[in-house]
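Inside the fold
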Amino acid sequence: MTVACFGHKDTPSDIKPRLEQEIVHLIEENEDITILVGTHGSFDGMVQKMLKNLAPRYPNMNYHIVLAYLPVKREENNFEGLPTMLPEGIENVPKKLAISYRNDFMVRECDAVICYITHDWGGAARFVEKARRQGKRIINL
């Protein structure tokens, strides 16, 4: 199973317990699970930190921080030592479209979405709705 994570950039930290509960539940109910998370906003940061902490306890879980841009300077690579990936073909995408291209990749690759969506506008809401239209399982915190 592959799970994509989407949330508003200003997600409050008080959702952490529920987020961890849902992620752990998915990890424990699936023998083999991969979790994809982006790189923008507080929701993505919470998920990244949580996955890094959970990884040693759950060998059946893989996770990838899905980059929208190639890091061009060493100081721009805040993910050194973490499992990162770039969607195929993103190097040919104009910079202003790279986040959407990355998010489309995550929706295409996933079976389910864990999200924090409180309104129906913005990038996170748009890609969660896209996943819903494709019949993906949606877990909104």
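In what follows, the structure referred to is the one given above.
Attention in this report is confined to the structure presented alongside it.

Structural notes on the pairing of strand 3 (residues 61-66)
Judged from the five bridges that link them, strand 2 (residues 33-37) and strand 3 form a sheet pairing that is parallel. Within strand 3, the position partnered with Ile35 by the bridge is Tyr63. Tracing the backbone out of strand 2, into helix 2 (residues 41-54) and back to the parallel element strand 3 gives a crossover that is right-handed. Looking at chain direction, strand 3 and strand 4 (residues 84-85) are connected through two bridges and run parallel. Among the inter-strand pairings, Val66 is bridged to a residue of strand 4, identified as Met85.

Topic: the environment of Ala112
Mapped onto the fold, Ala112 is located in strand 5 (residues 112-116). Remark: the alpha-carbon pair of Ala112 and Ile138, spanning 26 residues in sequence, is separated by 5.8 Å. When residues no more than four places from it in sequence are discounted, the contact partners of Ala112 are Met1, Thr2, Val3, Ala4 and Arg137.

Details of the packing of helix 1 (residues 16-29) against helix 2
For the pair helix 1 and helix 2, the least separation of the axes is 11 Å and the interaxial angle reads 50°. Taken together, the axes of helix 1 and helix 2 are oblique relative to one another. As for the relative orientation of helix 1 and helix 2, their crossing is right-handed in sense. Here Lys16, Leu19, Glu20, Ile23, Val24 and Ile27 of helix 1 lie close against helix 2, whose contacting residues are Phe43, Met46, Val47, Met50, Leu51 and Leu54.

A word on helix 2
Between the first and last C-alpha of helix 2 there are 20 Å, a value that for 14 residues agrees with the 20 Å anticipated at 1.5 Å per step. Those residues of helix 2 that are buried lie in contact with strand 1 (2-7), helix 1, strand 2, strand 3 and strand 5.

So, the packing of aromatic side chains
Tallying each qualifying case throughout the model produces one aromatic pair. Measuring from ring centre to ring centre gives 6.2 Å for Phe6 and Phe127, while their planes differ by 15°; the resulting arrangement is stacked. Taken together, the residues Phe6 in strand 1 and Phe127 in helix 4 (residues 123-133) connect sequence positions 121 residues apart. Each member of the pair, Phe6 together with Phe127, is buried. The ring centre of Tyr69 lies 5.3 Å from the NZ or CZ of Lys95, which sits over that ring.

Definitions and limits used
Along each chain, residues carry numbers from 1 onward, in the same order as the chain's sequence is written. Local features are withheld for residues below a pLDDT of 70 in this predicted model, meaning they are given only at 70 or higher, and side-chain atom pairs are given and counted only at 80 or more; totals for whole chains, interfaces and linings count all residues. Computation of side-chain values covers all heavy atoms of the structure but excludes hydrogens and water. One bridge is not enough; two strands pair if DSSP finds at least two bridges between them. Helix numbers and strand numbers start at the N terminus; a helix is a DSSP run of H or I with at least 4 residues, a strand a run of E with at least 2. Crossovers are described as right-handed under a simple rule: with the strands pointing away from the observer, the path leading from the first strand over the helix to the second runs clockwise. Contacts were defined at the residue level, with two residues in contact if any of their heavy atoms lie within 4.5 Å. Here an axis means a line fitted to C-alpha atoms, over the contact stretch when the element is a helix, while the angle between two N-to-C directions is reported on a 0 to 180 degree scale. Geometric relationships in this document are graded by angle, where less than 35 degrees denotes roughly parallel, more than 145 denotes roughly antiparallel, 65 to 115 denotes roughly perpendicular, and other angles denote oblique. Should the near helix be turned counterclockwise from the far one by less than a right angle, the crossing is left-handed, whereas a clockwise turn marks it as right-handed. An expected span of 1.5 Å times one less than the residue number is assigned to each helix. Within 6.5 Å between ring centres, the rings of Phe, Tyr and Trp (the latter by its six-membered ring) count as paired, and their orientation is classed by plane angle as stacked under 30 degrees, edge-to-face over 60, tilted in between. When accessible area is computed with a 1.4 Å probe and restricted to protein chains, residues below 20% of their type maximum are described as buried, those above 50% as exposed, and intermediate ones as partly exposed. Here, over-ring charges are defined by two tests on the NZ atom of lysine or the CZ atom of arginine: distance to the ring centre within 6 Å, and angle to the ring normal within 35 degrees.

Note that all results are geometric; they support no functional claim without further evidence.
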